Structures are given as structure tokens and as C-alpha cells.
Amino acid sequence: MREIHFNAFDMNCVGHIQHGLWAHPRDQSHRYTELAYWTDYAKRLEKGLFDGIFFADVVGINDVLGGSPDAALRGAVQVPVNDPLMLVPAMAAVTEHLGFGVTANLTYETPFLFARRMSTLDHLTGGRIGWNIVTGYLDSAAKAIGLDGQSAHDDRYDLADEYMDIMYRLWEGSWEDDAVVFDRAAHLYADPAKVHRIRHEGKQYRLDAMHLSAPSPQRTPVLYQAGSSTRGRQFAATHAECVFVNGQKIDGVRAIVEDIRAKAVAYGRPADDIKVFMGATIVTGRTENEAREKFEDYRRYVSSEAALVHAASSLGIDFSKFDLDEPIDAGQSNAIVSNVEAISRSAGPQWTKRKLLEQMVLGSRQPPMVGSAERIADQLMAWSIDAGIDGFNLSRTVVPECFDDIIGLVVPILQERGVYKTAYRPGTMRDKLFGTPRLPDRHIAERYRPGAANGSSR
């Protein structure tokens, strides 16, 4: 039976996905600026044998609703938000096995410097770093760095393909495995003949440099990708090792999973080279009544306005322009296209603001799983079997109790059923997920290694 993997899904901010729950008296997310909050968080997750923590991120303000940032600021809708990469070394220092998937927007990151930053994190964590590759969807972020707005959706993926070409050259092709000699007697640290200059002349980028970091345990971080639009699936099948999909109906998720894996096979990759994580929100307890009471308690703090703020930005639709029951046509959204497709599948082609709000019972478009630990275990296993997914990115509700409930109540049941690990496997993040520390030869990155036809040049 397929092993189920868990990532905590969070953001370096007060309000992430379940909008309004930061106001709950037991929630501790307001402590996001305290290092002790994050180190304690990491230790909890490792105790529960979580595979990792998956950090989302944005570099702009959610200002689509009403064309103003005011509602986002009132409701702490992913603002203020701090850099997730800065948390990783501290969390890694108090854990041994927990992985860290960090979101970084390649549109605004210089490839050369970002490659070094990720190699540094891979070194400092002992090979426990992953990168969620995103291209952005907020015009406010584009304007913050001097652009007029976002590029077209598919154009951003074209940019990402070129960006990945450079990253593979730097991570995989610049330093050979035995380039570091470290011979004190000979005063020879690195063999210049085994460190290669990377030259790239492309549509968006130019580069002529050697990678500044020596090979890290994984070289290339574990590659996450979170888009399931048609163009996003093509990108995932080419590059991704872990794909993040939104929950909807089982048939819809299964179709996306099967399509991505089929495309991967067409590109010469085995289907199981890709692990799929579905976003999930869990409210559980020892009994059905306990879980339902907790759910009703949480609902009292949900902010519908904040939920609409986030939905407006990620769907690219200003809901302030629509009445509650006025049909909404997303048109050619330039935001997260897969989100628009998902909401159309779940709410129907003639969906309205009222239908959307009815779905957002805990402040997000993600319908929660509510029930006893036994019922939750049943649901997770059903998703794994029927939709072909490998794990779940578990969105926080009220922290830390939401993860304490999963670790204390749900994990033991899954372990008893033989679908959740009882100990960590040794090695890097990639070792734990795929049984190898480096990207396999069948991955597109292989062509950029020294000696390959498209490899580096000096």
C-alpha cells in the first residue's frame, strides 16, 4: 500500500490560508517574528515524523479586491510577510531529518545569486532543502521591482524553462564531484581543471561565471512545483519531483495526477519519479463530537472579507465588482490559472460570490476534513488510493494545536494501518523521498553535467 507523506503547509506571516483564524485566542501565529516559535514548530513536526514543512511565499500585496491593499492589511492576509529562507538554518539546527520546501519566485531572483543561496542552504541543512518553483501572480509584486505588471501566464513558464536551464548548469555542471581536493600539504584546495565556467546567452538571461558554491549534498534541491494548468503540467512533467495540487473532487485530482505522470513518461521519466502532494485542511478530535465542536469554535473567527481578498488575488478577479448572486466569468485570468479551473470544476461554470463564500467555511477555498481521527485516517487513505496522490500539504488552522492533533491522534492510526512511517530513513531529503541523494540520470538536469552534450564550458 502507498506510504502517505505529510508536509506542514505554512508561511512566514500571521495569516496564511485559513483567513481570520489568527484571531482565535489559542492561535500562536502572531509569534511568527520569534525564532523560538519556529524552532519549537520544527521539533514538533519532526516528533510527528513529518517529511517537511512547505513554506509558501508572496512578494507583493493582495490588492485585487477593490483595487486596494486596505482589506489585506486589516485582515493580515499574507501581510506582513517575512522571508521564509531565513528560517531554515535555525529550524534545521534543532532537527535532524525534517525537510524544508521553500517558495522562491524566480521572476525576481537573479539566477546566479539564487543558485548560491540554495546551495548554501543545502550545505547548512545537510541536504534537506527543496525549492518550490513559482513565477508569481501578483501585479503588486511586479510593480515593486519596476515592472508595469505580470507577464502573461504561459510566458512566465517560458521564462522559467530558461531559468531552470541556467540553474542546472550552475548546480550540476560547474563543479565536478572531485573538484575539492583539500590537500593542506600541497596548498591545493580545489582543482581548477574541474571547475567549469557557465556561459548562457538566452532570451531573458545572460551569464558568464562559475558557480560560487562547491557541490552540496543534493547539488540541485528537491524540486517542487505547484501549477496544474495545462502549461504548468508540462513544466512539472519536465522538471518537478514533487507536485502540489489543490483538493477538489477525487476524479478531478486523479485526472491531473494521471496527466502529469503520463507527460513525465513521455519525456522519458518513470511515473513514480513524481510525488504528488494535495493541499488539505484537517480538524480532528478523539470523537466525531469533539471534532465538530472544534470546527464550530474555529468558524466563529473566520473572516469572509479576508477570504475574498486572497481569493481575488489568486484567481485574478475583483469580487467587489459583483453582487452576491451575479454569475462570475473568470475570462482569461492572468493569475493562478489552475485555481480558476479548480473553482469552475467545484462550483460550476456559473459560479457566484455567494457560492464561493459558502465553500470558504474556514476562510479558504479548501474544504476542510472534519471528523474523528479514525474518520480522517479513512479519508486520507481514500484520497491516496483513489486519486493516486502520495501525500498531503497540511494547512494550519489554529497553531500549534492543529498539528498536535494530527501528530497525536491521526499519525498513530496511519502507522497501525501500515501507511505511515515509524522512523525516518537516513540521508538527504531526496534520499528520504526517492532513495537517491542526487537527481537521477533520466532527469533533464543530466544533460548539463560535465561531459554531457549540452554541458558546461570553460
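Calculation notes
- Residues numbered from 1 in each chain as written.
- Predicted model: local features only at pLDDT ≥ 70, side-chain atom pairs only at ≥ 80, totals over all residues.
- Heavy atoms only, no water.
- Core = buried A, V, L, I, M, F, W, Y, C linked by side-chain atoms within 4.5 Å.
- Buried < 20%, exposed > 50% of the residue type's maximum accessible area, 1.4 Å probe, protein only.
- Helix = DSSP H or I, 4+ residues; strand = E, 2+ residues; numbered from the N terminus.
- Contact = heavy atoms within 4.5 Å.
- Disulfide = S-S within 2.5 Å.
- Pairing = 2+ DSSP bridges.
- Right-handed = clockwise from strand over helix to strand, strands pointing away.
- Axes fitted to C-alpha atoms, helices over the stretch in contact; angles between N-to-C directions.
- Phe/Tyr/Trp six-rings, centres within 6.5 Å; stacked < 30°, edge-to-face > 60°.
- Lys NZ or Arg CZ within 6 Å of the ring centre and 35° of its normal.

A.B. asks: For the nonpolar core, give the residues involved together with the corresponding values.
C.D. replies: Grouped together as the largest cluster of nonpolar side chains are 91 residues, with contacts concentrated most on Phe6, Phe50, Trp131, Leu380, Phe392, Phe403 and Leu414. Take this core: its biggest share by element is 10 residues, from helix α6 (residues 153-173). Residues in contact with phenylalanine 6, not counting those within four places in the same chain, are Phe50, Asp51, Gly52, Leu380, Phe392, Leu394, Ile406, Val411, Leu414 and Tyr420.

A.B. asks: I'd love a proper account of the state of the cysteines, names of residues and values included.
C.D. replies: Scanning the model with the defined rule gives zero disulfides in all. Looking at cysteine 402, it has no disulfide partner, and the nearest cysteine sulfur is the one in cysteine 13, 14 Å off. Under the relative-accessibility criterion, cysteine 402 is labelled buried at 4%.

A.B. asks: Which residues make up the pairing of strand β4 (residues 129-134), and what values do they have?
C.D. replies: A large share of β4 lies buried, amounting to five of its six residues. Judged from the six bridges that link them, strand β3 (residues 99-105) and β4 form a sheet pairing that is parallel. If you follow asparagine 105 over to β4, its bridge partner there is valine 134. One crossover worth recording links β3 to the parallel β4 by way of helix α4 (residues 111-124), and it is right-handed. In terms of strand pairing, β4 meets strand β9 (residues 222-225) through four bridges, oriented parallel. Across the sheet, residue glycine 130 finds its bridge partner in β9, namely valine 222.

A.B. asks: Which residues make up the sheet that holds β9, and what values do they have?
C.D. replies: Ordered by their spatial adjacency, eight strands build a closed barrel running β1-β2-β3-β4-β9-β10-β11-β14, and the pairing between neighbours is parallel. Pairs of neighbouring strands in the sheet enclose a mean axial angle of 25°, with direction left out of account. Of the strands in this sheet, β1 (5-11) and β2 (52-56) are in contact with helix α1 (residues 35-47), which crosses β1 at around 165°. Packed onto the sheet, helix α14 (residues 401-416) meets β1 and β14 (391-395) and runs at close to 170° relative to β1.

A.B. asks: Which residues make up the packing of aromatic side chains, and what values do they have?
C.D. replies: When we look at a pair of aromatic rings, we describe it by the centre distance and by the angle of the planes. The full count for this structure, using the stated rule, is 22 aromatic pairs. Seen from their ring centres, phenylalanine 9 and phenylalanine 244 are 5.0 Å apart, and the 75° between their planes marks the pair as edge-to-face. Residue phenylalanine 9 is located in strand β1, and its partner phenylalanine 244 is located in strand β10 (residues 242-245); the two are separated by 235 residues in the primary sequence. On the accessibility criterion, phenylalanine 9 (6% relative accessible area) is buried. The class for phenylalanine 244 is buried, based on a relative accessible area of 9%. Ring geometry for phenylalanine 50 and phenylalanine 403: centres 6.0 Å apart, planes at 85°, overall edge-to-face. Highlighted residues: phenylalanine 50 in the loop between α1 and β2 and phenylalanine 403 in helix α14, separated in sequence by 353 residues. Clustering of aromatic rings is evident, with ring pairs tying together Phe6, Tyr37, Trp38, Tyr41, Phe50, Phe55, Phe392, Phe403 and Tyr420. When the ring centre of tyrosine 420 is taken as origin, the NZ or CZ atom of lysine 421, which lies over that ring, is 4.8 Å away.

Structural measurements only, silent on function.
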